[in-house]
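Results of the structural survey
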Amino acid sequence: VDTKALMIGGSKGLPAVKNPLEAYKKSLLEETGAPERLVDQFVERYGTYAAAVLDLPPVYSPTGYWSLGDYTPEEIAEIARNEDVIHLDDLILRRTMIGKLGQLTERNLADLAGVVAEAIGWSTDFQQSEIERTVELMADQHGVDLNHN
């Protein structure tokens, strides 16, 4: 069986045109009215799954402020619900690029924890223990001091 032309993952469902990503982005912009920057970002991260991410219901940070501009609270909640996130370090180091790209701060760790807690039902105590665990792990294993950034 020849699978060269088989579309998988985020490429599945792209239009069969000369520049499929550009055509897909254009259709998303027209259908959703979302900002171009957001459409570009989501298509780059999720391919054709971008439409589903753009269609997520609004999620608000429990702190009332969202300090992580590259990811939306809706994205984080969706990842937490659908990617079997158990610990915050799993979210920031494996499910997203937040920890690897130096985007993690003490402030946005609390924002991330709040959104994840709301999405998957963490208690306040568990949420706090995850923040503490992640701060310790980032310092011990990655040399990142979140208490002073």
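Here the structure is shown first, and the text comes after it.
Reference entry: report on the structure contained in this document. Because the structure is a prediction, the values reported are computed rather than measured.

The secondary structure content of the protein chain amounts to 7 helices and 0 strands. Mapped from its N terminus to its C terminus, the protein chain presents α and β elements in the order α-α-α-α-α-α-α. Taken across its 149 residues, the protein chain has 40% of its residues classed as buried. Contacts spanning at least 24 positions in sequence make up 54% of the contacts within the protein chain whose residues lie at least 6 apart. Summed over all atoms, the accessible surface of the protein chain reaches about 9000 Å², with 51% contributed by carbon and sulfur.

Here helix α4 (residues 73-82) lies mainly inside the structure; 7 of its 10 residues are buried. The secondary structure elements touched by the buried residues of α4 are α2 (36-46), α3 (50-54), α5 (88-95) and α6 (106-120). The positive-phi residue at the C-terminal boundary of α4 is D84, with phi of around 55°.

A few words now on the packing of aromatic side chains. Evaluation of the coordinates by the stated rule reveals 2 aromatic pairs. A ring pair is formed by F42 and Y46, whose centres lie 6.0 Å apart and whose planes are at 70°; its orientation type is edge-to-face. With F42 and Y46 both in helix α2 and 4 residues apart, this pair spans about one turn of that helix. For F42, a relative accessible area of 2% puts it in the buried group. By relative accessible area, Y46 is classed as buried at 19%. Relative to F126, the ring of W122 lies with its centre 5.1 Å away and its plane at 75°, an arrangement referred to as edge-to-face. Judged by its relative accessible area of 32%, F126 is partly exposed.

Cut-offs and rules
Residues numbered from 1 in each chain as written. Predicted model: local features only at pLDDT ≥ 70, side-chain atom pairs only at ≥ 80, totals over all residues. Heavy atoms only, no water. Helix = DSSP H or I, 4+ residues; strand = E, 2+ residues; numbered from the N terminus. Buried < 20%, exposed > 50% of the residue type's maximum accessible area, 1.4 Å probe, protein only. Contact = heavy atoms within 4.5 Å. Areas by Shrake-Rupley, 256 points an atom, 1.4 Å probe, with all protein chains shown as cover. Phe/Tyr/Trp six-rings, centres within 6.5 Å; stacked < 30°, edge-to-face > 60°.

The values are spatial; any link to function lies outside them.
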